Amino acid sequence: MSALLRQIPANIPQDIRKIRIENSHLTELPRGSFENVSALEYLWLNFNNITVIHIKSLEYLPALKELRLQGNKLSSVPWTAFQDTPALKILDLKHNRLDVLPEHALRYLPNLTYLDLSSNQLTVISRDVFYGWPVYQRSKKGDGHIEDISNAVLALHDNPWICDCRLRGFVEFIKSVGPPIILMNSYLTCVSPKFRAGKFFHEVELNSCMKPLTSALETNLTVPVGLNVTLTCFVQASPSPAVWWTYALKLLRAFNVSTEPISEETVRSELLIQAVRPADAGNYTCTAANFLGNSSETISLHVVSPWSSTPSLNWDPVAPAEPGAHVQVRIAKQTVYGITLEWFAAAAVAADPSETWYTLLVGRYDAAQKDTIYIGPGVNTYSVTDLLPATKYEVCVAVRNQVPHKGQCIVFVTGSDISQLEQREKLIHIVVIVCAMVLAVPAGMYACTAEAHPGCLARCPGACLRLRRGGQAQAAGSKESTLDSLPAGSEDGLCHPKDGHDARRPPAHEEPGKTRPPHRNSADLY
């Protein structure tokens, strides 16, 4: 007891008849664990951590009568391993994690008198598990000699039984069971589905299993824009099916879907689409499936404008609007290709802005039919784009599908093509550059003529040589320099002609006794 054993000891005496190892650290029973103790009759391995039992772990134990594995962590048992223990009478597997009991589970336990499967995770069992048990078969062939057959105690309580059609055969077996098979606790209780939770087996009547059958009250829906739409699908199936919705082959999010049972074999599934838009139109498929198969139902959803069934409104009023249904309209912004409108409804109309729809009519001024645009509640501005430049348009805003008053319409002309604006901008840029150049010329001339005469003369011979080659020498005082000739004249006008006379002013004569100013290069000017 409470020993730190991690495996079955190998030095057990061969004549041992009973082994009890509890509250230890055993995790598995490997192959041939007891090959040296063939006389073993009682094996107690309760409250360990055993998770695996090898199919040949009980080999060489033909005399084993009692096997107790209570309080371990077994999720499955190799039932064929009991072929090596034909004398086994007591099998205790309570407080484990068994969730499946195959049909052949009891076939190799012909002499069993006590089987405890309580407090596991069993949910569904076939009645064939017990119909194939040799103990049960002998009781049916007793021909009135039941006293010759040993009783067999069966414990199956405290399991999370799912009481649906899959458990029908097992429930019928429990109701009909009698000696020599004795239930330790005959009040087996349903855990699910919810409407059967807490009921005893003898209180329920289970039907046969059924493949899902889906249906819908309406398979073709047409709804206006902006409404909340609920698509409903009904499913008849047993056991309860899994239900999901798809749209354009995509699985829809689960938080928009609610599924609940409305009867024992009928489930209702609802898909909620909030503030439906035109993009939500299409085919929605409700699919249900259980282990017998699947079925689906398709619902077509059409989304239309609230008043699409009304004829297109003519531009000229044909009927008076409702009293008080006046809307003030103004242009908030205008571009070359469109405008942005803004409108305000009278108090009588906009008493409940969340329910007020508007109709916007826009088109060329001379067009008989205009485009109709429906604006939802809570919106009082709209931009109209893709208009033709330099074109006269008219736009009106009315409440719902009413014919607008003249005061609710605006006539406007779109701007010219954007290329004219670009040319105007280029012209402005050219004018700015020319003005900057003109303002910069006098300052340059003043600096060169007044302060840098000697420096300029150093550059004059080259300029004069170019003038002679081009035949562009000018006579002195022939004409004044124009604005375009100023940059060239600032240097060329300082040059003397070949004969040594200045064309612009008489030759300079040095005054007696006056000294010439010192030579200054162009770098000194700055």
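So, how was this worked out
- Residues numbered from 1 in each chain as written.
- Predicted model: local features only at pLDDT ≥ 70, side-chain atom pairs only at ≥ 80, totals over all residues.
- Heavy atoms only, no water.
- Helix = DSSP H or I, 4+ residues; strand = E, 2+ residues; numbered from the N terminus.
- Buried < 20%, exposed > 50% of the residue type's maximum accessible area, 1.4 Å probe, protein only.
- Contact = heavy atoms within 4.5 Å.
- Areas by Shrake-Rupley, 256 points an atom, 1.4 Å probe, with all protein chains shown as cover.
- Disulfide = S-S within 2.5 Å.
- Phe/Tyr/Trp six-rings, centres within 6.5 Å; stacked < 30°, edge-to-face > 60°.
- Salt bridge = Lys/Arg side-chain N within 4 Å of Asp/Glu carboxyl O.
- Pairing = 2+ DSSP bridges.
- Axes fitted to C-alpha atoms, helices over the stretch in contact; angles between N-to-C directions.
- Polar contact = N/O pair within 3.5 Å; in protein donor to acceptor, adjacent residues only side chain to side chain.
- Core = buried A, V, L, I, M, F, W, Y, C linked by side-chain atoms within 4.5 Å.
- pLDDT = per-residue confidence, 0-100.

**With respect to the overall build of the protein chain**
Counting its secondary structure elements, the protein chain contains six helices and 27 strands. The proportion of buried residues among the 526 residues of the protein chain is 36%. In the protein chain, once contacts between residues fewer than 6 apart in sequence are set aside, the share between residues at least 24 apart is 64%. Of the accessible surface of the protein chain, which amounts to about 30700 Å², a share of 53% is contributed by carbon and sulfur atoms.

**With respect to the state of the cysteines**
Following the criterion strictly, the structure yields four disulfides and no others. Here cysteine 163 pairs with cysteine 190 through a disulfide, and the sulfurs are 1.9 Å apart. Here the disulfide of cysteine 163 and cysteine 190 is left-handed, its torsion about the S-S bond being about -95 degrees. Taken together, the residues cysteine 163 in the loop between β9 (161-162) and α3 (168-176) and cysteine 190 in strand β11 (residues 190-192) connect sequence positions 27 residues apart. Residue classification places cysteine 163 among the buried residues on the basis of a relative accessible area of 0%. Each disulfide pairs two cysteine sulfurs, and for cysteine 165 the partner residue is cysteine 209, the sulfurs being separated by 2.0 Å. In this structure the cystine formed by cysteine 165 and cysteine 209 twists about its S-S bond by roughly 100 degrees; its chirality is therefore right-handed. Of this pair, cysteine 165 sits in the loop between β9 and α3 while cysteine 209 sits in the loop between β11 and β12 (210-215), and the two are 44 residues apart along the sequence. Relative accessible area serves as the criterion here: at 29%, cysteine 209 is assigned to the partly exposed category.

**With respect to the packing of aromatic side chains**
The final tally for this structure, using the stated rule, is 13 aromatic pairs. When the ring of tyrosine 131 is compared with that of tyrosine 136, the centres are 5.4 Å apart and the planes differ by 20 degrees; the resulting orientation is stacked. Aromatic pair phenylalanine 170 and phenylalanine 201: ring centres 5.9 Å apart, planes at 85 degrees, arrangement edge-to-face. With phenylalanine 170 in helix α3 and phenylalanine 201 in the loop between β11 and β12, this residue pair connects regions lying 31 residues apart in the sequence. Of the two residues, phenylalanine 170 and phenylalanine 201, neither departs from the other in class, the shared state being buried.

**Quick look at the pattern of salt bridges**
Side chains that differ in charge, positive against negative, can pair when their charged atoms come close. For the coordinates displayed, the defined rule picks out 16 salt bridges. We note a salt bridge from arginine 277 to aspartate 280, for which the minimum N-O separation is 3.9 Å. Beyond isolated ion pairs, a larger network of salt bridges with shared partners links Glu66, Arg68, Asp92, Lys94 and Asp116.

**Concerning the environment of aspartate 128**
Here aspartate 128 lies in helix α1 (residues 128-131). Sequence-wise, aspartate 128 and glutamate 103 are 25 residues apart; in three dimensions their C-alpha atoms are separated by 5.8 Å.

**Details of the sheet that holds strand β14 (residues 229-238)**
Across the sheet, four strands lie side by side as β12-β14-β18-β17; this open sheet has antiparallel pairing. The open sheet has two edge strands, β12 and β17 (257-261), and neither has a second partner. Here the average twist between neighbouring strands, direction ignored, is 20 degrees. As paired strands, β14 and strand β18 (residues 266-273) are joined by eight bridges and run antiparallel to one another. Bridged to glutamine 236 within β18 is threonine 266.

**Here we look at the sheet that holds strand β21 (residues 327-334)**
Strands sit in the order β21-β22-β25 across an open sheet of three strands; the sheet is antiparallel. The sheet is open, and its two edges are formed by β21 and β25 (381-384), each paired on a single side. When strand polarity is set aside, the average angle formed by the axes of neighbouring strands in this sheet is 25 degrees. Here seven bridges tie β21 to strand β22 (residues 339-345), and the two strands are oriented antiparallel to one another. Residue valine 327 lies in a different strand from β22, and its bridge partner there is alanine 345.

**A closer look at the side chain of threonine 266**
Within the secondary structure, threonine 266 is located in strand β18. On the accessibility criterion, threonine 266 (15% relative accessible area) is buried. Polar contacts involving the side chain of threonine 266 include one to the side chain of serine 263, which spans 3.1 Å.

**Some details on the nonpolar core**
In a soluble, globular protein the nonpolar side chains are often hidden away together inside. Membership of the largest hydrophobic core comes to 58 residues, with the highest contact counts inside it found for Trp79, Leu91, Phe130, Phe170 and Phe201. At the level of secondary structure, the elements contributing two or more residues to this core comprise α1, α2 (134-140), β8 (152-155), α3 and β10 (181-183). The element contributing the most residues to this core is α3, with four residues. Once residues within four sequence positions are removed from consideration, phenylalanine 201 is found in contact with Trp161, Cys163, Leu167, Phe170, Val171, Ile174, Lys175, Leu188, Thr189 and Cys190. Core analysis: the second largest hydrophobic core is formed by 20 residues, Leu221, Val243, Trp245 and Ile299 among them.

**Things to note about the confidence of the model for the protein chain**
Here the protein chain averages 78 in pLDDT, and 74% of its residues register 70 or above. Between residues 308-324, whose pLDDT stays under 50, and residues either more than four places distant or in other chains, the model counts 28 contacts. Every residue in residues 519-526 is under pLDDT 50, and counting partners more than four places away or in other chains gives nine contacts.

**Observations regarding the pairing of strand β19 (residues 282-290)**
The side chains of a regular strand alternate between the sheet's two faces. By the criterion of burial, β19 is predominantly enclosed, with seven of the nine residues buried. Relative to β19, strand β15 (residues 242-247) is paired through six bridges, and the arrangement is antiparallel. Bridge pairing links valine 243 to alanine 288 in β19. Adjacent in sequence and paired antiparallel, β19 and strand β20 (residues 293-304) are bridged by two residues.

**Considering the pairing of strand β26 (residues 392-399)**
Among the eight residues of β26, seven are classified as buried, and the element is accordingly described as predominantly covered. The pairing of β26 with strand β27 (residues 409-413) spans five bridges and is antiparallel. Paired with valine 395 across the two strands is isoleucine 410, which belongs to β27.

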